[in-house]
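Commentary on secondary and tertiary structure
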Amino acid sequence: MTPALQKMWISFIAMGFMVISILLIYLSRYKLKGFFKGLTAIIAYILMILAGLIILIVVLSGPTT
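Our subject in this report is the structure included herewith. Quick caveat, the model's predicted, so the values are computed rather than measured.

This brings us to helix 2 (residues 35-60). For helix 2, built from 26 residues, the straight-helix expectation of 38 Å at 1.5 Å per residue is met to within 8% by its first-to-last C-alpha distance of 38 Å. Buried-residue contacts for helix 2 involve helix 1 (3-31). Remark: Gly 62 follows helix 2 within two positions and exhibits a positive phi of approximately 85°.

Within the fold, Ile 46 resides in helix 2. Look at Ile 46 and you get exposed, because its relative accessible area is 53%.

Counted according to the given criterion, the structure contains three aromatic pairs. Aromatic pair Tyr 26 and Tyr 30: ring centres 5.3 Å apart, planes at 50°, arrangement tilted. Taken together, the residues span about one helical turn, with Tyr 26 and Tyr 30 both in helix 1 at a distance of four residues. On the basis of an interplanar angle of 65° and a centroid distance of 5.7 Å, the ring pair of Phe 35 and Phe 36 is categorised as edge-to-face. The same class applies to Phe 35 as to Phe 36, namely exposed.

Conventions used here
- Residues numbered from 1 in each chain as written.
- Predicted model: local features only at pLDDT ≥ 70, side-chain atom pairs only at ≥ 80, totals over all residues.
- Heavy atoms only, no water.
- Helix = DSSP H or I, 4+ residues; strand = E, 2+ residues; numbered from the N terminus.
- Expected span 1.5 Å × (residues − 1).
- Contact = heavy atoms within 4.5 Å.
- Buried < 20%, exposed > 50% of the residue type's maximum accessible area, 1.4 Å probe, protein only.
- Phe/Tyr/Trp six-rings, centres within 6.5 Å; stacked < 30°, edge-to-face > 60°.

Written as structure tokens, this is what we have:
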């Protein structure tokens, strides 16, 4: 697998983390109460930060040849 293809799949994983975090934030704000509300919010924000860091690394690593 070429480095460009690897970057593509890594960025897809980061986008998947973003989608999952959006769904978890929605659940924690509108559907859940108590302990599960806090737990899902923490997991969602961790996934969002992780996705942002992955995208930042992919973008700053530059183009592949």
